[in-house]
Amino acid sequence: DKFDNCPDDPGTEELKGCPEKVIEEIEKQLSFNAENIYFATGKATIQAVSFKNLDNILDILNEYPNIRLKIEGHTDNTGSRELNLKLSEDRAFSVMNYFTDRGIPASRFQANGYGPDRPVATNETSDGRAKNRRTEIHLIQE
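Predicted model only: the values in this text are computed from it and were never measured. (Residues numbered from 1 in each chain as written. Predicted model: local features only at pLDDT ≥ 70, side-chain atom pairs only at ≥ 80, totals over all residues. Heavy atoms only, no water.)

Colleague: Please explain the side chain of E72 as it appears in this structure.
Modeller: Position of E72 relative to the elements: it lies in strand β1 (residues 69-74). A polar contact of 3.0 Å, which involves the side chain of E72, links it to the side chain of H74. In contact with E72, not counting residues within four places along its chain, are A92, N112, Y114, R118, R134, T135, E136 and H138. (Helix = DSSP H or I, 4+ residues; strand = E, 2+ residues; numbered from the N terminus. Polar contact = N/O pair within 3.5 Å; in protein donor to acceptor, adjacent residues only side chain to side chain. Contact = heavy atoms within 4.5 Å.)

Structure follows, in structure tokens:
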């Protein structure tokens, strides 16, 4: 039906019509491609090296027209918290706009910036700060 995220695959109601292996594969692809989204330093401008990965996600959105995505922007703790919150939100919206500019409805996305509030590594080293400057994209499973 129109609420089925995987109309060509048999699945359960709990997974919005998708089999668990399809959901796991989509999440894996989203994660891999999101890890390779890069921005200009201190800006929300997406670097061209990221376009292939964004296009891979666009392919997923087109293949599964009912899925929705949460786009999260994260930063390290360099600079003020307020600046980092704004930058992370602007970056999340830049990613969303990449998709909406290519015909995907904005209603299929939630975009949020978390600034330095959800680090995945220490901010005490340059390597840790680099890991904290990231975009995450996840399926919204309602």
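Colleague: Help me understand the nonpolar core, please; the structure alone is not making it clear to me.
Modeller: Among soluble globular proteins, nonpolar side chains are generally buried collectively. Core analysis: the biggest nonpolar cluster contains 27 residues, and L69, V95, F99 and I137 have the highest contact counts within it. Among the elements of the structure, α1 (20-34), α2 (51-63), β1, α3 (81-100), β2 (109-113) and β3 (134-139) are those that each provide at least two residues to this core. (Core = buried A, V, L, I, M, F, W, Y, C linked by side-chain atoms within 4.5 Å. Buried < 20%, exposed > 50% of the residue type's maximum accessible area, 1.4 Å probe, protein only.)

Colleague: Would you mind going over the pairing of β1 with me for this structure?
Modeller: By the criterion of burial, β1 is predominantly enclosed, with five of the six residues buried. The sheet contact formed by β1 and β2 spans five bridges and is parallel. Among the inter-strand pairings, I71 is bridged to a residue of β2, identified as A111. In the classification by handedness, the crossover that spans β1, the intervening α3 and the parallel β2 is right-handed. (Pairing = 2+ DSSP bridges. Right-handed = clockwise from strand over helix to strand, strands pointing away.)

Colleague: How do you make sense of the packing of α1 against α2 when you look at a structure like this?
Modeller: For any two helices packed against each other, the geometry comes down to the angle between their axes and how far apart the axes lie. Running from amino to carboxyl end, α1 crosses α2 at an angle of 160°, the nearest separation of the two axes being 8 Å. The angle between α1 and α2 falls in the class roughly antiparallel. As for how α1 packs across α2, the hand of that crossing is left-handed. Between α1, through I26, Q29, L30, F32, N33 and A34, and α2, the contact on the second element is made entirely by N53, N56, I57 and I60. Of the residues belonging to the contact of α1 with α2, the class tally is six nonpolar, four polar and no charged. (Axes fitted to C-alpha atoms, helices over the stretch in contact; angles between N-to-C directions. Parallel < 35°, antiparallel > 145°, perpendicular 65-115°, else oblique. Left-handed = near helix turned anticlockwise from the far one by under 90°. Nonpolar A, V, L, I, M, F, W, Y, C, P; charged D, E, K, R; others polar.)

Colleague: Sorry, what's going on with the pattern of salt bridges here?
Modeller: Two side chains bearing opposite charge may form a pair once their charged atoms approach each other closely. Under the defined criterion, the tally for this structure stands at six salt bridges. Among the ionic pairs, R134 bridges to E136, the shortest N-O distance being 2.8 Å. (Salt bridge = Lys/Arg side-chain N within 4 Å of Asp/Glu carboxyl O.)

Colleague: How should the environment of A40 be read in this particular structure?
Modeller: By the secondary structure assignment, A40 is in the loop between α1 and α2. We classify A40 as partly exposed; its relative accessible area is 22%. Sequence-distant contacts of A40, defined by excluding residues within four places in its chain, comprise T45, Q47 and R91.

Colleague: When you look at the packing of α2 against α3 in this model, what are you seeing that I'm missing?
Modeller: Two elements in contact, α2 and α3, have axes separated by 10 Å at closest approach and are oriented at 60°. Overall, the two elements α2 and α3 adopt an arrangement that is oblique. The handedness of the crossing between α2 and α3 comes out as right-handed. Counted together, F51, L54, D55, I57, L58 and L61 of α2 and V95, Y98 and F99 of α3 form the full contact between these two elements. The residue inventory of the contact of α2 with α3, partitioned by class, reads eight nonpolar, no polar and one charged.

Colleague: What's the story with α3 in this structure? I'm lost.
Modeller: In an α-helix, one turn spans 3.6 residues; hence positions three or four apart end up facing the same way. The first and last C-alpha atoms of α3 sit 28 Å apart over 20 residues, in line with the 28 Å expected at 1.5 Å per residue. The set of residues buried in α3 consists of N84, L87, S88, R91, A92, S94, V95, M96, Y98 and F99. (Expected span 1.5 Å × (residues − 1).)

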